[in-house]
Amino acid sequence: MNFRFESAQGMAQMHPDTFEVTGIEKLKQVVEPGVFAKVCILNGGGERIWTKVTEVDGIKVKATLANDPFGFKAEHGDPLEYTLQHIYNVTSADGEELA
């Protein structure tokens, strides 16, 4: 499936008083294989969903869906690729908030 993503960084720039996300430099420090990153997939009307990061190359991220989406056809474990600008939140495997 060809996923389309909402830019978390773009949302923060458009709504600086009401929308906060972690900056790219901090994301570069904490996003690594094994962590979970929340992104907003625009397919099916838009849904924020957790992904499990499998690879990071600069600002490019490869991951798998960490749960089943409601608004579009995809399944837990499906692969996807996005960039750091699309990340809303990051947690460790044990649930600790990293960003």
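Residues numbered from 1 in each chain as written. Predicted model: local features only at pLDDT ≥ 70, side-chain atom pairs only at ≥ 80, totals over all residues. Heavy atoms only, no water.

J.: Just to check I follow, could you spell out the pairing of strand β3 (residues 60-65) for this structure?
T.: Across a regular strand the side chains alternate sides, sitting on one face of the sheet and then on the other. Two elements, strand β2 (residues 47-57) and β3, share six bridges in a ladder whose sense is antiparallel. Looking across to β3, one finds that K52 is bridged to T64. A loop of two residues connects β2 with β3, the two strands running antiparallel in sequence, and G58 in this loop sits at a positive phi of about 70°. Here β3 pairs with strand β4 (residues 79-83) via five bridges, running antiparallel. Its bridge partner lying in β4, K62 is registered against E81. (Pairing = 2+ DSSP bridges. Helix = DSSP H or I, 4+ residues; strand = E, 2+ residues; numbered from the N terminus.)

J.: Is there a simple way to explain the environment of L65 in this structure?
T.: In this structure, L65 sits in strand β3. Put simply, L65 and G77 are twelve residues apart on the chain and 4.9 Å apart in space, counted from C-alpha to C-alpha. Apart from the residues within four sequence positions on either side, L65 is in contact with F3, I41, I49, W50, T51, A74, E75, H76, G77, D78 and L80. (Contact = heavy atoms within 4.5 Å.)

J.: Honestly, the nonpolar core in this entry has me stumped. Any pointers?
T.: Within soluble globular proteins, side chains that are nonpolar tend to cluster in buried spots. Grouped together as the largest cluster of nonpolar side chains are 22 residues, with contacts concentrated most on F3, V31, I41, Y82, I87 and V90. At the level of elements, α2 (24-30), β1 (36-41), β2, β3, β4 and β5 (87-91) are the ones that each hand at least two residues to this core. Ignoring sequence-local partners within four residues, the contact set of Y82 consists of F5, A37, V39, T51, V53, I59, K60, V61, A63 and I87. (Core = buried A, V, L, I, M, F, W, Y, C linked by side-chain atoms within 4.5 Å. Buried < 20%, exposed > 50% of the residue type's maximum accessible area, 1.4 Å probe, protein only.)

J.: Looking at this structure, I do not really get the packing of aromatic side chains. What am I missing?
T.: Taken as a whole and judged by the stated rule, the model has four aromatic pairs. The interplanar angle of 75° and the centroid separation of 5.9 Å between the aromatic rings of F3 and F72 together place this pair among those described as edge-to-face. Of this pair, F3 sits in the segment before α1 (8-14) while F72 sits in the loop between β3 and β4, and the two are 69 residues apart along the sequence. Side by side, F3 and F72 carry an identical accessibility label, which is buried. Aromatic side chains F19 and Y88 sit 5.7 Å apart centroid to centroid with 85° between the ring planes, which places their arrangement in the edge-to-face category. Of this pair, F19 sits in the loop between α1 and α2 while Y88 sits in strand β5, placing them 69 residues apart in sequence. Residue Y88 is classed as buried on the basis of its relative accessible area of 6%. Counting every residue linked through ring pairs, the aromatic cluster contains F3, F5, F72 and Y82. (Phe/Tyr/Trp six-rings, centres within 6.5 Å; stacked < 30°, edge-to-face > 60°.)

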